[in-house]
Amino acid sequence: MKKVLTILSAAAWLISVNAIDALSARDYISIVGSSTVYPFATVIAEQFGKTTKFKTPTIESTGSGGGLKLFCAGVGVEHPDITNASRAIKSSECKTCFENGVKEIIEVKVGYDGIVVANAKSAPVMKLTRKDLFLALAKDVPDPKGGENLIPNPYQTWKDVNSSLPDQKITVLGPPPTSGTRDAFVELAMEAGAKEFGFIKAMKKSDKKGYKDVCHTVREDGAYVEAGENDNLIVQKLEKDPNALGIFGFSFLDQNADKIRGSFVDGVEPTFDNIADGQYPVSRPLFFYVKKAHIGAIPGIQEYLNAFSTEKAWGPDGYLSEKGLIPMPETERMKYAKDIKTLTPMECK
């Protein structure tokens, strides 16, 4: 028995040593995740590579869900060090991380972003409500004849949805289910629009699952087109099809203002100031998550975190705001800068 325990202890020691050796074998930071956070992380990474002794981090745009799946798969050189996310990590993802040995995760909120519905500059400005967006894109909607019945979405044009909108076919290019932008859009836009109907709003208490299915399930008959995680591709497609609309983060609208324009939502234009002061209704926080176990083993992670959390980067006059990031209030910036300095892990709920 004693011999067996000795062998097991030796095996555990070898696994530990191999994990450490594997980490130390990689000399650059590996980042995955959100396409929305991608441009901000890329700017930091490029500055980091130019101004420090460390290599420029590699960044892959996988979507928030895809990034967290890769991030939570384990500790070691084959797993990313950081994942960007355009939504908060879910409790189920935290649990997966914990089960796979990723037990200390540092959460960093980096700022805010608006989700815009945009079209080509050659097309008319769209003035939509969240109710319009729900009726145009939900799989099942209230029967237009009245009552409290849900039917498969019958709307083919925007004018069908709202008589004040153009008589053009509903074609919306948007992110896939793995995207944090998709998660945030169905919650902030479609769910809010669904609540305009009293009987759907009442379902939240009586039938929580049914309520979520109604509010969050996007139609699959061709009106909504999944365009992948590449938001630049959506911009290109909008230029080619003036009748189409696209869904993506404000930063892409900001960077492509010569090609596309944002639609008004509930009477508010998606501008930097309107998102910053809370007027624009479809806005959300942006994050990245860091494996504490990799800090010190992979060179440069602490220094990368420090670079991201400087005032000249994420502050009100920082270079990230020039790229479309909406800065956090000072109290939030101080809170997350402190978490970075002390490497304080988040509490998974």
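What counts and how
- Residues numbered from 1 in each chain as written.
- Predicted model: local features only at pLDDT ≥ 70, side-chain atom pairs only at ≥ 80, totals over all residues.
- Heavy atoms only, no water.
- Helix = DSSP H or I, 4+ residues; strand = E, 2+ residues; numbered from the N terminus.
- Expected span 1.5 Å × (residues − 1).
- Buried < 20%, exposed > 50% of the residue type's maximum accessible area, 1.4 Å probe, protein only.
- Contact = heavy atoms within 4.5 Å.
- Patch = residues over 30% accessible without salt bridge, like charges linked within 9 Å, V, L, I, M, F, W, Y side chains within 5 Å.
- Areas by Shrake-Rupley, 256 points an atom, 1.4 Å probe, with all protein chains shown as cover.
- Salt bridge = Lys/Arg side-chain N within 4 Å of Asp/Glu carboxyl O.
- Lys, Arg positive; Asp, Glu negative; His and termini not counted.
- Charge placed at Lys NZ, Arg CZ, Asp CG, Glu CD.
- Axes fitted to C-alpha atoms, helices over the stretch in contact; angles between N-to-C directions.
- Parallel < 35°, antiparallel > 145°, perpendicular 65-115°, else oblique.
- Left-handed = near helix turned anticlockwise from the far one by under 90°.
- Nonpolar A, V, L, I, M, F, W, Y, C, P; charged D, E, K, R; others polar.
- pLDDT = per-residue confidence, 0-100.
- 1 Å grid on protein atoms, 1.4 Å probe; cavity = no way out; pocket = protein on both sides within 12 Å on 5 of 7 lines; lining within 4 Å.
- Points joined across faces, edges and corners; volume = space filled by probe spheres on them.
- Disulfide = S-S within 2.5 Å.
- Polar contact = N/O pair within 3.5 Å; in protein donor to acceptor, adjacent residues only side chain to side chain.

1. A few points about helix α2 (residues 38–51)
Phase 1 of the analysis: Here α2 spans 20 Å end to end across 14 residues, near enough to the 20 Å set by a 1.5 Å rise per residue.
Phase 2 of the analysis: When we look at burial in α2, the residues that qualify are P39, F40, A41, T42, V43, I44, A45 and F48.
Phase 3 of the analysis: Against β2 (58–59), β3 (82–85), α11 (250–255), β13 (283–291), α13 (301–308) and α14 (311–314) lie the buried residues of α2.

2. Concerning a positive patch on the surface
Phase 1 of the analysis: Together, K90, K195, K201, K204, K205, K208 and K212 line one region of the surface with positive charge.
Phase 2 of the analysis: Elements with a minimum of two residues in the positive patch: α8 (198–206) and α9 (208–216).
Phase 3 of the analysis: It is α8 that contributes the most residues to the positive patch, 3 residues altogether.
Phase 4 of the analysis: K208 gets classed as exposed once you look at its relative accessible area, which sits at 65%.

3. Digging into the packing of α2 against α13
Phase 1 of the analysis: Close contact between α2 and α13 brings their axes to 10 Å; oriented N to C, the two are set at 120°. Between α2 and α13, the interaxial angle falls into the category oblique. As α2 packs across α13, the resulting crossing turns out to be right-handed. Across the interface between the two elements, A41, I44, A45 and F48 of α2 pack against E303, Y304, A307 and F308 of α13.
Phase 2 of the analysis: Each residue belonging to the contact of α2 with α13 can be placed in one class, and the counts come to 7 nonpolar, no polar and 1 charged.

4. Quick look at the confidence of the model for the protein
Regions with low pLDDT should not have their predicted coordinates read in detail.
Phase 1 of the analysis: Averaged over all residues, the pLDDT of the protein equals 91, while 93% of them reach at least 70.
Phase 2 of the analysis: Predicted confidence is poor over residues 1–22, with pLDDT under 50, and the contacts of this stretch with residues over four places away or in other chains come to 1 contact.

5. A short note on the layout of surface pockets
Phase 1 of the analysis: Its boundaries defined by the atoms lining it, the largest pocket holds a volume of some 640 Å³.
Phase 2 of the analysis: Taken together, 22 residues form the lining of the largest pocket, with D183, V186, E187, K212 and H216 sitting closest to its centre.
Phase 3 of the analysis: Of all elements in the fold, only α7 (180–194), α9 and β13 reach the threshold of two or more residues within the lining of the largest pocket.
Phase 4 of the analysis: Residues of the lining of the largest pocket, tallied by class, amount to 8 nonpolar, 4 polar and 10 charged.
Phase 5 of the analysis: Of the volumes computed, that of the second largest pocket is approximately 160 Å³.
Phase 6 of the analysis: Lining of the second largest pocket is provided by I44, Q47, F48, T51, T52, E303, A307, T310, K312 and Y319.
Phase 7 of the analysis: If you list the elements that add at least two residues to the lining of the second largest pocket, you get α2 and α13.

6. As for the state of the cysteines
Phase 1 of the analysis: For the structure on display, the rule yields 2 disulfides.
Phase 2 of the analysis: C94 shares a disulfide with C348; S-S distance 2.0 Å. Linking C94 and C348, the disulfide has an S-S dihedral of approximately -65° and is accordingly described as left-handed. Remark: C348 occurs in the segment after α15 (330–342) and C94 occurs in helix α4 (residues 91–99); sequence separation between them is 254 residues.
Phase 3 of the analysis: Indicated for the protein is the disulfide connectivity 1-3, 2-4, based on numbering the bonded cysteines in sequence order.

7. A few points about the side chain of T83
Phase 1 of the analysis: Mapped onto the elements, T83 comes out in strand β3.
Phase 2 of the analysis: From its side chain, T83 meets the backbone oxygen of G67 in a polar contact 3.4 Å long.

8. Description of the side chain of N274
Phase 1 of the analysis: Its location among the elements puts N274 in helix α12 (residues 272–276).
Phase 2 of the analysis: Residue classification places N274 among the buried residues on the basis of a relative accessible area of 17%.
Phase 3 of the analysis: For N274, the side chain forms a polar contact with the main-chain oxygen of E269, separated by 2.9 Å.
Phase 4 of the analysis: In this view, N274 contacts V268, E269, Q279 and Y280; residues no more than four positions away in its chain are not counted.

9. Re the pattern of salt bridges
Phase 1 of the analysis: On inspection of all chains with the given rule, the structure shows 12 salt bridges.
Phase 2 of the analysis: The shortest N-O distance in the salt bridge between R87 and D183 comes to 2.8 Å. Of this pair, R87 sits in the loop between β3 and α4 while D183 sits in helix α7; the two residues are 96 residues apart in sequence, bridging distant segments of the chain.
Phase 3 of the analysis: Owing to a relative accessible area of 22%, D183 belongs among the partly exposed residues under this scheme.
Phase 4 of the analysis: Among the charged side chains, a salt-bridge network with shared partners connects R87, E93 and D183.

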